[in-house]
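Observations on chain architecture
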Amino acid sequence: MQHTTQAASAQATSVQSAQPHGKPKKVSQFSKRKVDKAYYWMTVPAALLVVAFLYWPFIQGAAYSFTNSQGYGEYKWIGFKNYGAMFSDSRVINAYLFTIVVAILITVGTNLLALLLSVLLNGKIAFKNGFRAIFFIPFTLAMLVIGYVFKYLFMVPIPTLGQALHISWLSTSMLTNPQLAWFPIVFLSIWQGVAYTTLIYLAGLQTIDAELYEAASIDGVNTWQRFWKITFPLIGPFVTINMVLSLKNSLGIFDQIVALTGGGPDSKTESVSYLIFTNGLGNGEYSYQMANAVIFFIVLAVLAFVQLHFFGSKEKV
């Protein structure tokens, strides 16, 4: 027994002597665990790039919003005058109202249609993978390209069809109608956005155990109850991310307006992003539209926080 103990002690001593006596790895000041330097080599350069190309330009733009700069030449500090002028500018107010209303319509329409398609494509149907590929094609196309295609459709074939059917409001192009010009924008946005949203919902449906549906069918649960009581609660996190992404993309709507209406007719379809771009870079309102951009950023941040809090509280998993 004594001989065994001495042998184990000698072996432990030899192992300790064989270990290098170098300096231990750097330990984070915020935790007791050891941190590999490779993590810093990967994260620090990425953080510097984000700061250089995202945060620093934003800070510069926010600073310009307190001046009368036109984007070139000399400028003066004018304080909050740009922000005060925004709240009495009917064009800016109309752009915000149009953007919010269109974003809500696109977000709701995209998610409802995508949820329906994902449930259908996840069922036992023939040519399932082929249908999934077909529905995903719109997302792979450039928005400006399909935008000009849809512009032709709404300018020529659809009015011709309306005239043949003797439908007055459809007999002329909706793109030139101040009351209906929003519809082609919403339609095009939903048509393209539903592809990616459907893909996320399909991924969520794949996480649901099929045994739950089998148990529900044994208990006599009908199709609607199975969706509302099982499927929808279990894909709650996927609903949250889709709603947030859809609203974010819809609030920043730009390409669709460029391709379809150019902000017309009579500035009725100007979104906030389109107004900031066109007037900020082309009409000498650089600092004024920088103030608009800062306000828009705050609005987006608040809406994202409220949306995440609301849908996050409704998740069951």
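Just so it is clear, the structure is predicted and the values come from calculations on it, not from any experiment. (Residues numbered from 1 in each chain as written. Predicted model: local features only at pLDDT ≥ 70, side-chain atom pairs only at ≥ 80, totals over all residues. Heavy atoms only, no water.)

1. Looking at the packing of helix α4 (residues 90-121) against helix α8 (residues 182-205)
Note the threshold: All axes here are fitted lines through C-alpha atoms, helices being fitted over the stretch that makes contact, and every angle between N-to-C directions spans 0 to 180 degrees. Labels follow the DSSP assignment, with helices taken as runs of H or I lasting at least four residues and strands as runs of E lasting at least two, numbered in each case from the N terminus. By the definition adopted for this analysis, an angle is roughly parallel if under 35 degrees, roughly antiparallel if over 145, roughly perpendicular if from 65 to 115, and oblique otherwise. Left-handed is the label given to a crossing in which the near helix is rotated counterclockwise from the far helix by less than a right angle, and right-handed is the label when the rotation is clockwise.
The contact between α4 and α8 brings their axes to 6 Å, and the two run at 40°. In terms of orientation, α4 and α8 fall into the oblique class. Here α4 runs over α8; the crossing is right-handed.

2. Comments concerning the packing of α4 against helix α11 (residues 236-251)
Operational definition: The contact criterion used is simple: two residues touch if any of their non-hydrogen atoms lie within 4.5 Å.
Interhelical geometry of α4 versus α11 gives an angle of 145° and a closest axis separation of 8 Å. Read as a crossing pair, α4 and α11 show a hand that is right-handed. Here α4 contributes Thr99, Ile100, Ala103, Ile106, Thr107, Thr110 and Asn111 to the contact with α11, which in turn contributes Asn242, Met243, Ser246, Leu247, Ser250 and Leu251.

3. Concerning the pattern of salt bridges
Filter applied, for reference: Should a side-chain nitrogen of Lys or Arg be within 4 Å of a carboxyl oxygen of Asp or Glu, the pair is scored as a salt bridge. Residue exposure (1.4 Å probe, protein chains only): buried if accessible area is under 20% of the type maximum, exposed if over 50%, otherwise partly exposed.
According to the stated counting rule, one finds 1 salt bridge in the structure shown. Arg91 is the salt-bridge partner of Glu270, the closest N and O atoms lying 2.5 Å from each other. In this pair, Glu270 sits in the loop between α12 (255-260) and α13 (272-282) while Arg91 sits in helix α4, placing the two residues 179 residues apart along the sequence. On the basis of relative accessible area, Arg91 is assigned to the partly exposed category, the value being 34%.

4. As for helix α2 (residues 37-64)
To be explicit about the condition: One less than the number of residues in a helix, times 1.5 Å, gives the span that helix is expected to have. Axes are fitted to the seven residues ending at a residue and to the seven starting at it; the angle between these axes is taken as the bend at that residue.
Over its 28 residues, α2 extends 39 Å from the first C-alpha to the last, a length consistent with the 40 Å expected when each residue adds 1.5 Å. Largest kink in α2: about 40°, centred on Val51.

5. What about the confidence of the model for the protein chain?
Formally: pLDDT is a per-residue confidence score from the predictor, ranging from 0 to 100.
Per-residue confidence for the protein chain gives a mean pLDDT of 85; residues scoring 70 or more make up 88%. Throughout residues 1-5 the model reports pLDDT below 50, and contacts reaching past four residues in sequence, or to other chains, amount to 0 contacts. pLDDT under 50 marks residues 14-20. Its contacts with residues more than four places away, or in other chains, come to 1 contact.

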